[in-house]
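Secondary and tertiary structure notes
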Amino acid sequence: MFATKRLSKMQEHVPPGIAIVKCDNLEEWQMDIKILDQNPLYLDQTYRLKFTFSNKYPIEPPEVQFIQCPDSTGTPRTIPMHPHIYSNGIICLDLLGSAGWSPVQTVESVCMSLQSMLTANNRNERPPGDQEFIATNRRRIRDINFVYEDDNV
Amino acid sequence: MNLQDFLAMEESRERDELIDLRSLDLVSEYDSHLMCPICHCPFVEPVRLQCDHVFCGSCLSSAINSFRSADSDEFPCPSCRNPTQKVSASVPRLLINMCDEIRVLCPLITEGCQEIIPRGHVQSHVEKYCGYRLLPCPDNSCDQMTRSKDVGMDQKCIHKVRRCAHCKENVLEHEYEEHEKELCPVLEVTCADCETVVTRGALQEHIESCPEVAIPCAASKYACPVKIRRADIAAHEQSCPIVAMGPYFETQNARLKSLESSMRHLQQRNEIFEDGLANIRSTLFESTRLGANSHSGGQPPQSDREQQSSARVDAHTDDPADLAAGVFSSNATTYLLSLHESLREEVSQLSHAITDLDARASMAIMNECMRIKEDIAHTNAAVNSVRMQVQWLMNPRLHQGTRGGAVRPSSTESEGTRTNMASSVAGPSHATGQSLGPLRPRRPSDSGREGTKL
């Protein structure tokens, strides 16, 4: 309902390390995020995030995942290595689940949370059971029941 | 009130709301503290939680509906996640006033209303005062809508189509008056200049050809100030000297233009040449400087060279090439001299720094030496005291040893049968005597070593 204004307001001011790639409609946005500190895992890398908004946003959380872009697009993007990010880009973060979401969050704040989640990480690994998960998961992101067992990240 | 009451209240309120205050176009910036963090609009009917966070009532109710676990009477605040049970509708009046005062455009801007009003007045403006709100046509047989400002006192329907008596065009009733007065192309008007009566449609054409309209002289671009009626302009142009000069002016203008362009071209070429010349000069200067640098001698050969070059300058001042060379060589010499000066300064600075460092280092060494000397004196004293103690401790053993040593030979001499026993008794004391043996000669050597250390 009032998502339009809210989303268009963001385009005026974007925090550092975050860039809007595509925001021409109110269903799907794409953002580029960079990790600004010297974390060797993500140094000089840019990652592409896809936001999918439901018509109940911001009461309902948007679906957020990392996406890959092939080299041929001119802006190659990969999925960052992180113990909470599956290799198909799905992110296990309580902020993005319906339990941890707050309607006060915005696209910027989600991007900044993901930036800090990557910054704080020093393990170059995928979540346990990554291969089975990406092979078997056919559900939509919001229907997946994650268990947020790790409070350190 | 608790959450249930609040939700019920919000539900009943939403029904009588007419205008969506969030979709209004704001005219000015507003303070970011007045923004509801959920809908990012200035608060609409704000409510307050126990933690003092304020939200729009409707935003909060939708958030509660989707976040509250079923039939619990607690709800985490969207901003701080503090559990809250009570919602207070008593938000400071100040906050509500500030939100109501934000200037917005009338939502009927699509209908043509240009008014800017405080947000608090939008509802009443749209309901009562806006001239562009649509009302059903006062004529009951007409099903169209009318802007409220078009509904006159006489309550007539304005949608009736009326045929213009002059141009046979169909015109709406409420536009008929305007059409008749100003727009109808068949109506006749009089030309302001020649008093001729023409139809409105032909007026523009008439003005182009009207003999009474004042037009400027053909030579007005060459500063002829005359502006007279079209009828007289031909006579003026025949006598106007500037018109006669016209073709001449034109050719002059063309010539000026071409000259300007060629001049610009030449200027550019000149700049290129100047750049090239400067380049050549700098390379020449460079090479002479290199030549001067390759001179192995110090000051005397340089001054020689300077004299030579100055002599040459004196001799051939009329020859520009030689003059340039002379200038370059003298330049090189001065450059070298200045280089020498700066190097000399640097060297003196360095020597200063070195003496400074030297002094500091020797001071540091002195300090360190003093400390070490004291330490060694302490150690010496300690060693001495230890030696004294060891000596004192050893003294009885030594006495024993000498006694044993004195006893043993006598016993071996007197009784061979006792020898075994005596030697077994004297063994250890003899051994201590042996171990003490090297101790005694070592002492002077130890102190000697300490002495050399100091």
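Residues numbered from 1 in each chain as written. Chains lettered and ligands numbered in written order. Predicted model: local features only at pLDDT ≥ 70, side-chain atom pairs only at ≥ 80, totals over all residues. Heavy atoms only, no water.

Before going further, it helps to examine the overall build of chain A. Counting secondary structure elements, chain A contains three helices and four strands. Counted from the first residue to the last, chain A has its helices and strands arranged as α-β-β-β-β-α-α. Expressed as a percentage of the 153 residues in chain A, the buried residues total 46%. Excluding contacts between residues fewer than 6 apart, the proportion of contacts in chain A whose partners are at least 24 apart in sequence is 60%. (Helix = DSSP H or I, 4+ residues; strand = E, 2+ residues; numbered from the N terminus. Buried < 20%, exposed > 50% of the residue type's maximum accessible area, 1.4 Å probe, protein only. Contact = heavy atoms within 4.5 Å.)

This next bit is on the overall build of chain B. For chain B, the count of helices and strands is 11 helices and 15 strands. Within chain B, counting contacts between residues at least 6 apart in sequence, those at least 24 apart form 35% of the total. Carbon together with sulfur atoms contributes 56% to the accessible area of chain B, which is approximately 31300 Å² in total. (Areas by Shrake-Rupley, 256 points an atom, 1.4 Å probe, with all protein chains shown as cover.)

Once that is clear, we can look at the sheet that holds strand β4 (residues 63-67) of chain A. All names here are of chain A. Ordered in space as β1-β2-β3-β4, the four strands form an open sheet in which the pairing is antiparallel. Edge positions in the open sheet fall to β1 (18-22) and β4, since each of these has one partner strand only. Going across the sheet, the axis of each strand differs from the next one's by a mean of 30°, ignoring polarity. Here β1 pairs with strand β2 (residues 28-34) via four bridges, running antiparallel. Considered in β2, the bridge of I20 is made with M31. (Pairing = 2+ DSSP bridges. Axes fitted to C-alpha atoms, helices over the stretch in contact; angles between N-to-C directions.)

Right, let's get into the UniProt feature "coiled-coil region" (unreviewed entry) in chain B. Feature annotation in UniProt places "coiled-coil region" (unreviewed entry) on residues 249-276 of chain B, given in this structure's numbering. Helix makes up 100% of residues 249-276 of chain B and strand makes up 0%, while its end C-alpha atoms are separated by 40 Å. (UniProt positions renumbered as here; feature names shortened; annotations may be inferred.)

Turning next to the interface of chain A and chain B. Each side of the interface is counted separately: chain A has 16 residues, and chain B has 19 residues. When chain A packs against chain B, the two sides together hide about 1300 Å² of surface, and 60% of this comes from carbon and sulfur. Our enumeration of links across chain A and chain B arrives at zero salt bridges. When the residues that make up the side of chain A that touches chain B are grouped by side-chain class, the tally is eight nonpolar, five polar and three charged. (Buried area = accessible area lost by both parts, 1.4 Å probe. Salt bridge = Lys/Arg side-chain N within 4 Å of Asp/Glu carboxyl O. Nonpolar A, V, L, I, M, F, W, Y, C, P; charged D, E, K, R; others polar.)

Over its 13 residues, helix α2 (residues 107-119) of chain A extends 18 Å from the first C-alpha to the last, a length consistent with the 18 Å expected when each residue adds 1.5 Å. Residues of α2 of chain A that are buried: V107, V110, C111, S113, L114, Q115, M117 and L118 of chain A. (Expected span 1.5 Å × (residues − 1).)

Residue position: S113 of chain A is located in helix α2. At a separation of 2.8 Å, a polar atom in the side chain of S113 of chain A contacts the main-chain carbonyl oxygen of S109 of chain A. (Polar contact = N/O pair within 3.5 Å; in protein donor to acceptor, adjacent residues only side chain to side chain.)

Moving on, we come to a nonpolar patch on the surface. Residues and elements named next belong to chain B. On the surface, L277, I280 and L284 cluster together to form a nonpolar patch covering roughly 280 Å² of accessible area. Looking at the element boundaries, L284 is found in helix α8 (residues 241-294). For L284, a relative accessible area of 43% puts it in the partly exposed group. (Patch = residues over 30% accessible without salt bridge, like charges linked within 9 Å, V, L, I, M, F, W, Y side chains within 5 Å.)

In total, this model carries zero disulfides over all chains according to the counting rule given. You can see C77 of chain B has no disulfide; the closest cysteine sulfur is in C51 of chain B, sitting 3.6 Å from it. (Disulfide = S-S within 2.5 Å.)

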